[in-house]
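Summary of structural features
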Amino acid sequence: MTLWLTAIIFIPFIGALLLLALPASNSKALRIAAFAIMTVDFIVSLPLFFAFDSSTAAFQFVEKIDWVPSMGISYHLGIDGISLLLVLLTTFLGPIVVLGSAAVTKSLRGYFISMLILQTGMLGTFLALDLFLFYVFWEVMLIPMYFLIGIWGGVERIYAAVKFFLYTMVGSLLMLVGILWIYFNTNIPGVGHSFDYTLIMQHSSFDVQAQIWLFAAFALAFAIKVPMFPFHTWLPDAHVQAPTAGSVILAGVLLKMGTYGFIRFAMPLFPDGVVYFKPLMLILAVIGIIYGAMVSIVQTDMKKLVAYSSVSHLGFVMLGLFALNTQAVTGAMIQMVNHGLSTGALFLLVGVLYDRRHTRLIADYGGVAKVMPMYATIFMIVMLSSVGVPGLNGFVGEFLILLGAYQTAPIFAILGATGVILAAVYLLWMYRRVFFGEITHEENKSLKDLNLTEWASLLPILVFIFWIGIHPNTFLTKMTASIESFLTIVAR
Amino acid sequence: MDFAVWIVLFPLIGLLFNTFFGKKLPEKIVGWLASLMIGASFVVALMITLKLAALDPEHRVVEVTIFRWITSGNLTLDFAFLIDPLTSVMILVVTGISFLIHIYSIGYMHGDSRFHVFFVFLNLFVFFMLVLVLGNNLPILFIGWEGVGLCSYLLIGFWWEDQKKAEAGMKAFIVNRIGDFGMLIAMFLLFYYLGTLKFTEMFPAAAHLWGHSVGAPAITAITLLLLLGATGKSAQIPLFVWLPDAMAGPTPVSALIHAATMVTAGVYMIARTATLFMLAPTSMMVVALIGGFTALFAATIGIKQMDIKKVLAYSTVSQLGYMVMACGVGAFSAGIFHLMTHAFFKALLFLASGAVIHTMHGALHKVHDHDTDPQDIRNMGGLRKYIPLTYWLFVIATISISGLPGFAGFFSKDEILANAFASEGVGYVVWGLGLVGAVITAFYMFRLVYLTFHGNYKGPEGSAEGLKESPPIMTAPLVVLAILAIIGGYVGLPPVLSKFHLFQTWLKPVFEPAYSAVHYHPHHLSHGLEWLLIAVSVSAAVIGLFIAWLMYIKKGLIAKSDDEQSGIQRLLLKKYHVDEVYNAVVIQPLIDLSRYAWKIFDAGFIDNILVNGTARAVRVFGGGLRRMQTGIVGNYALMIALGVILILAALMGR
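**Let's talk about the interface of chain A and chain B**
- Between chain A and chain B, the contact holds 59 residues from the first and 49 residues from the second.
- When the two sides are added together, the surface that chain A and chain B hide from each other amounts to roughly 4,900 Å², 71% of it contributed by carbon and sulfur.
- If you sort the residues of chain A by the area they bury against chain B, V298, F399 and R432 of chain A come out on top, with a joint share of 12%.
- On inspection of chain A and its partner chain B, the count reaches 3 salt bridges.
- Across the salt bridge formed by K163 of chain A and D607 of chain B, the nearest N and O atoms sit 2.7 Å from each other.
- At the junction of chain A with chain B, the criterion picks out 23 residue pairs in polar contact (both at pLDDT 80 or more).
- Ranked by the residues each element gives to the side of chain A that touches chain B, the list is headed by helix α18 (residues 410–435) of chain A, at 13 residues.
- Taken together, the residues of the side of chain A that touches chain B break down into 39 nonpolar, 14 polar and 6 charged.

Printed below as a string of structure tokens:
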């Protein structure tokens, strides 16, 4: 047993402790240290991609240590084709969000400590294979994010932070009840009650009624996190108020916790619940796609527009997951990564403009391409990726989701596909108003193009936007076995 | 034929080079590098065609796999090319015309501040266009399909400082996306029924599945959805509205993308999936009618336009209608034939009009006039005296498009009309539409020639001295195109003149399976009838020409200003108000509904009432409870006493 996964999870946490040793006033040192810690974590995690055996659906690099044996709680970690890319996405975005924090000056040490602890929480959530451990990491994420929004956010930050916290909390408490119910209702031979995911998957089966209730409890927690319509209203507030880096993490990784929760826990643990709720989930997914896109069209604030577009994009992911078909689920998985990259990049890009002009209103811009041609180019590429133009990453996900969904749920696929048209409407319209035309505001005439830090934060994302679009099979093949196994459990 | 991949690599190399180094390099290097890369692609296209010709006709299907793109379950998609006679025609036309237009652009775009960006986009366009016509499965075709749409968007809005132009680009993209939606659903249906999206597997499978149930709802739906895609890209009713606005782009772009190549992609796609369409007679009828009506409808709008490029734009919509109509009556080969000749004469028309605009611009610039529109034909007139070469080139193209005998357009248009006439079902109807369209085509084209080049110059005073022929780098490609616009039709002589139809014979292996899938045999007309049809369509062109001559030369009419128009003229001038209708029926309601969804439903109902309402309710309730915590011990004691009494009462009551 190696401690590879443990190292990946806790490097940021240890890093956070190290930051305490640095003087709070030395912002340069703090930035470098935070960047270094995140980078080290990414480098440590990277070989996972190559060492990973994509021919099996079994968990790999497993670590299992009894934690509270009397309660059946263990420190159990493992990775499979479903979590692999999400873990790498998280560590990949780590250094990028540090770079995206250049505008933050207020109590920098606390800021980076929050960010590093958040990183540990997120990685733990993706890697935990014990329900109790999972829940711990799940809640751990909440606190630093609450601080990030509440302390380093915008004018309405307290409202947004409290809303974010309460909303998520309500969902997770029901999930906790569900987890406890599972614990008391499992009886593993030779072990007794247990929180262990793999043991429960192997030995437990709950009756249909119980599965329906359990699925509902888990699904609420995850649906809020995704967020699915109609549980999405915390998201625009959280995004608009959060600092740039907070938004990037929120969009890039935190939202994936919801979809990941479905594919890892809610769906395979309660397949009968899936059968029962599938129509509802598909309906909500498609409403999310169309509704999110429509509301995006009329936004006046760029960040809010991107936030609502997330509702639409995550709707695609949910449609793919619940279509329960190989292509659709594969598409959903890659779309999670795509959304993390593209929307993460969009938030970084909006942040670039905000840092210069301290406004995110579309109406305050116009003609920006004239003074910031490089920025306009990058923004264009990222926008096209989000629109789902073939050759870039977004298309692969949407195409597979819709193609697969058509095979099992044709009406939903057709309705969902209208989101492809609407995405072009809201993004291109926004782009035109911000970048094209003559410069109408005097203040915009002296805007500076991307600086080195901004380039450094955006270029790596661009590489993958192209890579996934041109050669998706590099990534798709890693997930195949796990997705097939998932479908044999869920789509009976 | 592994070397075939170079046909897309050359433009890719060109665009990458110019992306990274173009900004610092002189125009000449940037422009010539981009052009030569396309020239190299053209050479590859020639080599591919020769190699293909060397094979037996039934073996002229070669697949070149480049890499595996997507595997997921039973879906396998390769990034691979399909090389057959249809592809060879397309790649020759695309690379050949592109090469000429690239060279022309070196002159036309001279001095533009984003010169290198223009050539990057142009190379990128050629790259995607080639992927489109070479793809061996629908998703790869779709990559090219959306890719060229993207380039179109970027190039229409190339001068984005003008919001109008940026808006036109956006409109093109979004309208095309509606068509693409149809394409996507069609792909999903095809995969559902056939389990493959690869052409070579798909067509036999389709023939097998629907061969005995021709016109089944599924295949009809599939082909109608594909048609929706085609109406977007090839600017047919109801999605044609973007193309006239697309003229906001630089003129070489109008010539290359919005006349010669990209807009023909819809026609290509229908021809490529001919087998599917043949299996759905209803769809074929719809295709024929949409093509026929578009041909006529757009031609009528062309009558009243005052902008030289707008006339040509509606003309393009109309001519594309002929191609679509050809496909609809099962004459795929005739459709592709017209696609080719149209590429020659329409590219020539646009580039020549570009030369006219260039000339006007130069003349107006000399007298510091920036208000006169250099594209408005009411400011032109008499230009043949000043730019005779451009004039003659323009006239050649006009004769060709009008279908006067001997020129390229004559052969292809005649073939379409003859095939329409010979076909069953709606044959006569679409033939009639096409014929009336032909009269109008000749009319608006000669009207354009007369108003632009004949009569007296109507530009601002003093500007006449500045009217100069465009530089050779612009006129040389025009001469090549003019030659093609004359001789390009001789590869497809009508049966009355020759037994051997080279073009049709070359394409035969491509469309043969489509016909045999439904045991279809094209009707052959008697020679007498065919001569009659030729006579009728030539008369149509002559009538159109004559009316134009009568009005604009004999009577010397000059175009009226917008306010003087009334009745039907005004309706034509305003393009039947289609844009306004779309705006009122689709766009505004969508925005209103979205705003309602946001303000009333999202912020109002969900967030304010449900979410924050819950919070408020908790607070009110909690606030109420708080009042009970008075802190006065007496109150608590009273409550305890009351509680005890209640419990006792309850116990005793049992």
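**A look at the pairing of strand β1 (residues 60–68) of chain A**
All names here are of chain A.
- In the sheet, β1 pairs with strand β2 (residues 73–79) via 6 bridges, with the strands oriented antiparallel. Bridging from a neighbouring strand, Q60 pairs with I79 of β2.
- In this antiparallel pair of consecutive strands, β1 and β2, the connection spans 4 residues, and G72 shows a positive phi of 70 degrees.

**Details of a nonpolar patch on the surface**
Residues and elements named next belong to chain B.
- Taken together, the side chains of F621, L625, M628, L638, M639, L642 and I645 define a hydrophobic patch exposed on the protein surface, amounting to about 730 Å² of accessible area.
- Contributions of two or more residues to the nonpolar patch are made by α23 (578–628) and α24 (633–653).
- Counting residues per element, the nonpolar patch draws most heavily on α24, at 4 residues.
- If you trace the backbone, M639 turns up in helix α24.
- For M639, a relative accessible area of 47% translates into the label partly exposed.

**A short note on the pattern of salt bridges**
Residue and element names in this part refer to chain B.
- The final tally for this structure, using the stated rule, is 19 salt bridges over all chains.
- Between K198 and E63 there is a salt bridge, with the nearest N and O atoms lying 3.8 Å from each other. Taken together, the residues span a long stretch of sequence, with K198 in the loop between α6 (163–194) and α7 (199–210) and E63 in strand β1 (residues 62–72) at a distance of 135 residues.
- Ionic pairing is found between D245 and K171, a salt bridge with its closest N-O pair at 2.9 Å. On the criterion of sequence distance, the pair formed by D245 in helix α9 (residues 242–245) and K171 in helix α6 is long-range, its members being 74 residues apart.
- Under the relative-accessibility criterion, D245 is labelled partly exposed at 24%.

What counts, and where the lines are drawn
Residues numbered from 1 in each chain as written. Chains lettered and ligands numbered in written order. Predicted model: local features only at pLDDT ≥ 70, side-chain atom pairs only at ≥ 80, totals over all residues. Heavy atoms only, no water. Contact = heavy atoms within 4.5 Å. Buried area = accessible area lost by both parts, 1.4 Å probe. Salt bridge = Lys/Arg side-chain N within 4 Å of Asp/Glu carboxyl O. Polar contact = N/O pair within 3.5 Å; in protein donor to acceptor, adjacent residues only side chain to side chain. Helix = DSSP H or I, 4+ residues; strand = E, 2+ residues; numbered from the N terminus. Nonpolar A, V, L, I, M, F, W, Y, C, P; charged D, E, K, R; others polar. Pairing = 2+ DSSP bridges. Patch = residues over 30% accessible without salt bridge, like charges linked within 9 Å, V, L, I, M, F, W, Y side chains within 5 Å. Areas by Shrake-Rupley, 256 points an atom, 1.4 Å probe, with all protein chains shown as cover. Buried < 20%, exposed > 50% of the residue type's maximum accessible area, 1.4 Å probe, protein only.

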